[in-house]
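As a plain string of letters, each chain reads:
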Amino acid sequence: MKDIRNVLLASLLMSSISASFAQDNNYDALSRLFSQTAPSGSARFQALGGNHSALGADISSNSSNPAGLGFYTRSEFSISPSFQINSNASSYIDTKKTNANTDNFNIANIGIVFGGQEPRYKDSWRGSWSISYNRQSSLYNKVSFAGRNLQSSLMDSFGEITNRDIKDNGLSLQDFKDGLTNDAPNFYYQSDMYYWSFLINPNGTNSDPFVGAEGGKSVDQRYDFQASGRTSQWTIGYGGTANEKFYIGFSLGLPSFRYETQTDFTENIVNYDAIRSFAFSKYLTTTGQGINLTVGTIIKPTNNFRIGATITTPTWYSIDETTSSTLNVDVDPSKIGGIKLSSDVISGGNTIGSKLVSLGYGINTTGGTSYITRIPKLSTQPVSSNYELRTPFKASGGVAYFFGKKGFLSADVEYVAYKGMKLSTNMNDAYFKGDLDFYTKSIQNTYKNVLNVKVGGEYRMGLFAARGGFAYYQNPYNSNFDNDAVNRAMMVYSAGVGIKTGTFYVDLTGMYGKTQQAYNPYVLNDSSLYATAIMDQSWTRGVLTFGVYF
């Protein structure tokens, strides 16, 4: 009898190996999705490209470089609502692009700082505490693409997944019959659903016993993906100084995320024999809670020049995940009578036939041959799992130069150790542990450690300020992953304005980011037979921060 974990992970392996933000339940891609962040925090810090190492006296310092809290001399409360639009232009098989957009309103940051006193003595310690909520990334997304595939079908992938299940788990025809008798139409195993959907056919060989139905036909394929969710963090931090030259701080981060996806893949078979079309849908819900620590310092050798550095431990997440799927098959019996039932399928006598009819299958017998004329909606039962994710270690360093009260220029370099991501589980399941070990090795072979660069500046004119920034996030994939055919580096441009009085301040920022991703809706043993979608992704964000001093 087969093991549920091997079946699940086999299906995940057949997900895209070219990971992207359109990815649903491919573990190495999810690891990066929950580890990578864009500029976040207050409107002011986002306008500066997200660079933070050498700056302070901003609520964003709490989660970025808590040493910056030491610059506060009074208390502050602020809130930052945000609106973001995500856009994807995807091309698949041919060069025609399909556009898809989604938007989301959220609270980017909210927090309070209990500020220290004005410095009285050069060698007198003072410091500030802060608690804040920071939305680190928005996981809302929508992707669509379509094309006519002349070489393969998702049905071929179903066949290869089932063959792998037979080889790895000793699956037999009796297992399929047991699945029909005990579980249908809401199957416990995915391969049972493929078999009783009749989208795979016996191949007559022991090495690859099944192939996709309607073999050799062209298919019109369409892929639609929708995602919702966020990664966010509550942070408690402290920063202080004893001499107004050396500042030090630390913070405890309690991050969490929620990620929900629905993937719909449809195929219409050109010049079909019996199967006109089918629609396959996958559903994923993933939630996680974690913990991390950040330690930072800022050195101010002169009033004009600052040097800062931070170290952030990996986040240790505990993740709960639930997956399920549905399958709708449209049979047209008008051509050849329907899908011919093989003698192997009905070898159980009237028991199998009666069971199929009771489930809503249509069966017609002509000239001693039985045909399937209708297939009910099929599904798999929700499968839940728990595992742990260790995100990358991060370190950053930066400098800032102040032109008196006229403004400043600042720059950061951030190191992110993607190769250090790790997946594990405490579940008593050797198969699942082995598969997560496989994905950890895949991470080490697929990703690389990167250096991200962020620069920004501010110019002040009395109460008013103008800001601008730029951030470059290096491609986290090894150059040999796809020979650099896809430019996965992300560039973020930002600009903003603000007004600051003695009692309150208001900042407004606009941002634009762009990158490129790739996605395979399915893969096959022969890489020349499946196609990859290339997606030009962009997002536009507006952030408004309102803060008061007390």
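The coordinates are above.
Let me sum up the structure you'll find in this document. (Residues numbered from 1 in each chain as written. Predicted model: local features only at pLDDT ≥ 70, side-chain atom pairs only at ≥ 80, totals over all residues. Heavy atoms only, no water.)

A closer look at the overall build of the protein chain
Helices and strands together make up the secondary structure of the protein chain, namely 8 helices and 24 strands. In terms of principal-axis extent, the alpha carbons of the protein chain reach across some 100 × 45 × 40 Å. Burial analysis of the protein chain (550 residues in total) assigns 57% to the buried set. Only carbon and sulfur atoms are counted for the fraction: they give 55% of the accessible area of the protein chain, which is about 22,100 Å². For the protein chain, the distance from the average position of its 46 positive side-chain charges to the average position of its 43 negative side-chain charges is 11 Å. (Helix = DSSP H or I, 4+ residues; strand = E, 2+ residues; numbered from the N terminus. Buried < 20%, exposed > 50% of the residue type's maximum accessible area, 1.4 Å probe, protein only. Areas by Shrake-Rupley, 256 points an atom, 1.4 Å probe, with all protein chains shown as cover. Lys, Arg positive; Asp, Glu negative; His and termini not counted. Charge placed at Lys NZ, Arg CZ, Asp CG, Glu CD.)

Describing the environment of serine 379
Structurally, serine 379 is set in strand 16 (residues 378–390). Through-space distance from the C-alpha of serine 379 to that of asparagine 203 is 24 Å; in sequence the pair is 176 residues apart. Every residue in contact with serine 379, bar those within four places of it in the chain, is listed here: Pro185, Asn186, Phe187, Met193, Ser325 and Thr326. Of note is the side chain of serine 379, whose polar atom sits 2.8 Å from the side chain of asparagine 186. (Contact = heavy atoms within 4.5 Å. Polar contact = N/O pair within 3.5 Å; in protein donor to acceptor, adjacent residues only side chain to side chain.)

Quick word on the nonpolar core
If you look at the biggest cluster of nonpolar residues, it comprises 54 residues, and the most contacted ones within it are Trp196, Phe278, Tyr361 and Ile375. Excluding anything up to four places from it in sequence, isoleucine 375 contacts Trp196, Ser197, Phe198, Val329, Val331, Ile339 and Tyr361. Judged by nonpolar contacts, the second largest core, of 16 residues, contains Tyr317, Val416, Tyr447 and Val450. (Core = buried A, V, L, I, M, F, W, Y, C linked by side-chain atoms within 4.5 Å.)

Digging into the pairing of strand 1 (residues 76–92)
Relative to strand 24 (residues 533–549), strand 1 runs antiparallel, the two being bridged by 15 bridges. Looking across to strand 24, one finds that asparagine 86 is bridged to tryptophan 539. Summarising the sheet, strand 1 and strand 2 (residues 97–114) pair through 16 bridges and their orientation is antiparallel. Each residue of the ladder has a partner; that of isoleucine 79, found in strand 2, is isoleucine 110. (Pairing = 2+ DSSP bridges.)

Quick look at unusual backbone geometry
Following alanine 184, the chain continues to proline 185 via a peptide bond in cis, the omega torsion being 5°. Tracing the backbone shows proline 185 in the loop between helix 5 (173–182) and strand 5 (186–187). Even without a glycine there, the phi angle at glutamate 214 is positive, about 55°. Relative to the assigned elements, glutamate 214 resides in the loop between strand 7 (210–212) and strand 8 (219–241).

Details of the side chain of lysine 454
Along the polypeptide, lysine 454 turns up in strand 20 (residues 450–461). With residues up to four places along the chain from it excluded, the contact list for lysine 454 reads Gly49, Gly50, Asn51, His52, Ser410, Ala411, Asp412, Glu414, Phe470, Ala471 and Tyr473.

Structural notes on the sheet that holds strand 13 (residues 339–340)
The 3 strands are arranged 13-15-14 in an open sheet whose pairing can be described as antiparallel. Looking at which strands have only one partner, the edges of the open sheet turn out to be strand 13 and strand 14 (362–366).

Observations concerning the side chain of glutamine 46
With respect to the helices and strands, glutamine 46 occurs in helix 3 (residues 43–47). Judged by its relative accessible area of 1%, glutamine 46 falls in the buried class. There is a polar contact of 2.9 Å between the side chain of glutamine 46 and the backbone oxygen of glycine 41. With sequence-adjacent residues up to four places away left out, glutamine 46 is seen in contact with Pro39, Ser40, Gly41, Ala108, Ser494, Thr509, Met511, Arg541 and Val543.

Quick look at the environment of serine 90
Within the secondary structure, serine 90 sits in strand 1. Judged by relative accessible area, serine 90 falls into the buried class, the value being 0%. Measuring from C-alpha to C-alpha, the distance between serine 90 and glutamine 516 comes to 9.7 Å, with 426 residues separating the pair along the chain. When residues no more than four places from it in sequence are discounted, the contact partners of serine 90 are Lys96, Lys97, Thr98, Val143, Ser144, Phe145, Ile534 and Met535.

Describing the pattern of salt bridges
Summed over the entire model, instances satisfying the criterion amount to 15 salt bridges. We note a salt bridge from lysine 454 to glutamate 414, for which the minimum N-O separation is 3.6 Å. Residue lysine 454 is found in strand 20, and its partner glutamate 414 is found in strand 18 (residues 407–416); the two are separated by 40 residues along the sequence. Owing to a relative accessible area of 7%, lysine 454 belongs among the buried residues under this scheme. Accessibility expressed as a relative area gives 12% for glutamate 414, which makes it buried. Arginine 467 is the partner of aspartate 507 in a salt bridge, and the nearest nitrogen-oxygen pair spans 3.0 Å. (Salt bridge = Lys/Arg side-chain N within 4 Å of Asp/Glu carboxyl O.)

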